[in-house]
Amino acid sequence: MTQSRKRHVIEVSDSAALAKAAADRVLARISANHGRVAICLSGGSSPKQLYQLLATETYRSQIPWERVHWFIGDERFVPADDPLNNMGMARRIFLDRCAPAANIHPIPTDAADPQEAAHRYDSELKSFYGANELDPARPLFDVVLMGVGPDGHTASLFPDYPAVEELERWVVAVPQAHVDPFVPRVTLTLPALNSCREMLFEVAGAEKRAILTRVLDGEDLPANRARSIGETIWLVDKAALPENPRGR
Ligand code: 6PG
């Protein structure tokens, strides 16, 4: 793959337009791959509208569900049916109705502790990929969805936490979160997240404007270190976009 680490910012009018743009991009990536497809979902509230859209007949009927696999970029270490569980949210909104159970790959929060969950998911990803080393010519994921938090975190990679510097393991435990909800986390690391054809950030709402300004200014934040080895797209709605954005 070409190592173009440039980010493209695409402005849309509002959160509904953002969800549609994201759904169309996900669909385009699925259509471009005639084999097994791997999509890494994100948590938080930002992707909810996208997940709702993927469950509608228009999108649902265009997705070859049998060959699409769904992973999660980070998880709160709470039971699978807890409202805070990221994969639980995606399952309730669309996966359980649309995807074969064998194609849904949650982080196992029934593990003894976050470390064990991280270790098990690391093994699951490696076995799915078929190798223990990532080959830039063969990305792990077709699409990685991302959100950004008020402190510049993405997935559960919080500023100045050791997880951000991890270069070997694909998944690590984060015993303490830096922002609400303050539950332990399990997160994919930058080498694993960046190994994708397209990384797609969804950023909507005025409450994101302050952090988006810092991101676009190029501050050294986890969200700025997350760059696909393929394309990195930031879908941003008008309310979130600073007046004179730099660093596009
Ligand atoms: C999580 C996340 C996290 C999220 C951002 C944005 O588990 O909380 O995956 O990285 O994507 O914090 O969250 P919102 O979409 O709720 O603003």
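Predicted model, so just to flag it, every value in this text is computed and none were measured.

## A few points about the overall build of the protein chain
Scanning the protein chain from N- to C-terminus turns up eight helices and nine strands. Its C-alpha atoms give the protein chain a radius of gyration of 17 Å, near enough to 18 Å, the size a compact globule of 248 residues would have. Relative to its full complement of 248 residues, the protein chain shows a buried share of 55%. Across the protein chain, every contact between residues at least 6 apart in sequence was considered, and the portion connecting residues at least 24 apart equals 77%. By element, 51% of the accessible surface of the protein chain is carried by carbon and sulfur atoms, the whole surface being about 10700 Å². Averaged over its 28 positive side-chain charges, the protein chain has a centre that lies 5 Å from the centre of its 33 negative ones.

## Describing the site of the ligand
Neighbouring the ligand are 15 residues; Ser46, Asp74, His153, Ala155 and Lys208 lie closest to it. Asn86 is positioned with one of its side-chain polar atoms (N or O) 2.8 Å from an oxygen atom of the ligand. For the ligand, whose accessible area on its own is 420 Å², the fraction buried by protein is 87%. Here the shell around the ligand is composed, by residue class, of two nonpolar, nine polar and four charged.

## A few points about helix 5 (residues 114-129)
The end-to-end C-alpha separation of helix 5 is 22 Å, in line with the 22 Å expected for 16 residues at 1.5 Å each. Every buried residue of helix 5 is listed here: Pro114, Ala117, Ala118, Tyr121, Asp122, Leu125, Lys126, Phe128 and Tyr129. One face of helix 5 carries all of its buried residues, which in axial projection span an arc of 165 degrees. Set apart from the buried face of helix 5 by more than 90 degrees, the exposed residues are His119 and Ser127. Against strand 2 (37-41), strand 3 (68-72), strand 5 (141-146), strand 6 (171-174) and strand 7 (185-188) lie the buried residues of helix 5.

## Some points on the pattern of salt bridges
For the structure shown, the criterion picks out 16 salt bridges. Residue Glu231 is joined to Arg29 by a salt bridge in which the shortest nitrogen-to-oxygen separation is 2.7 Å. Of the two residues, Glu231 sits in strand 9 (residues 231-237) while Arg29 sits in helix 1 (residues 15-32), which places them 202 residues apart along the sequence. A salt bridge links Arg225 to Asp220; its shortest N-O distance comes to 2.9 Å.

## Structural notes on the side chain of His153
Tracing the chain through its elements places His153 in the loop between strand 5 and strand 6. Relative accessible area serves as the criterion here: at 11%, His153 is assigned to the buried category. At 2.6 Å, the side chain of His153 and the side chain of Asp151 are in polar contact. With residues near it in sequence (within four places) discarded, His153 still touches Gly147, Val148, Phe158, Pro159, Val179 and Pro222.

Calculation notes
Counting of residues starts from 1 at the beginning of each chain's written sequence and follows it residue by residue. The predicted origin of the model limits local features to residues at a pLDDT of at least 70 and limits the giving and counting of side-chain atom pairs to 80 or more, whereas totals for whole chains, interfaces and linings rest on all residues. To get the side-chain values, take all heavy atoms of the structure and skip hydrogens and water. Strands are runs of DSSP state E lasting at least two residues, helices are runs of H or I lasting at least four, and both sets are numbered from the N terminus onward. What the globule rule says is 2.2 Å times the number of residues to the power 0.38, and the radius of gyration is computed from C-alpha atoms. Partly exposed describes any residue whose relative accessible area lies between the buried limit of under 20% and the exposed limit of over 50%, with all areas from a 1.4 Å probe on protein chains only and scaled to the type maximum. Contacts are assigned to residue pairs that have any heavy atoms within 4.5 Å of one another. Shrake-Rupley sampling with a 1.4 Å probe provides the accessible areas, and residues are treated as covered by the protein chains on show and by no other component. Charged residues are defined narrowly, with Lys and Arg counted positive, Asp and Glu counted negative, and His plus the chain ends left uncounted. The atoms used to mark charge sites are NZ of Lys, CZ of Arg, CG of Asp and CD of Glu. Put simply, a residue is near a molecule or strand once any heavy atom of it comes within 4 Å of that molecule or strand. Any N or O atom pair separated by 3.5 Å or less is treated as a polar contact, with the protein-specific requirement of one donor-capable and one acceptor-capable atom, and with residues adjacent in sequence counted only for side-chain atom pairs. Classification convention: Asp, Glu, Lys, Arg as charged; Ala, Val, Leu, Ile, Met, Phe, Trp, Tyr, Cys, Pro as nonpolar; all other residues, Gly among them, as polar. The length a helix should cover is 1.5 Å for every residue beyond the first. Read the arc as the range of directions from the helix axis to the C-beta atoms. Between Lys or Arg on one side and Asp or Glu on the other, a salt bridge is scored when a side-chain nitrogen of the former is within 4 Å of a carboxyl oxygen of the latter.

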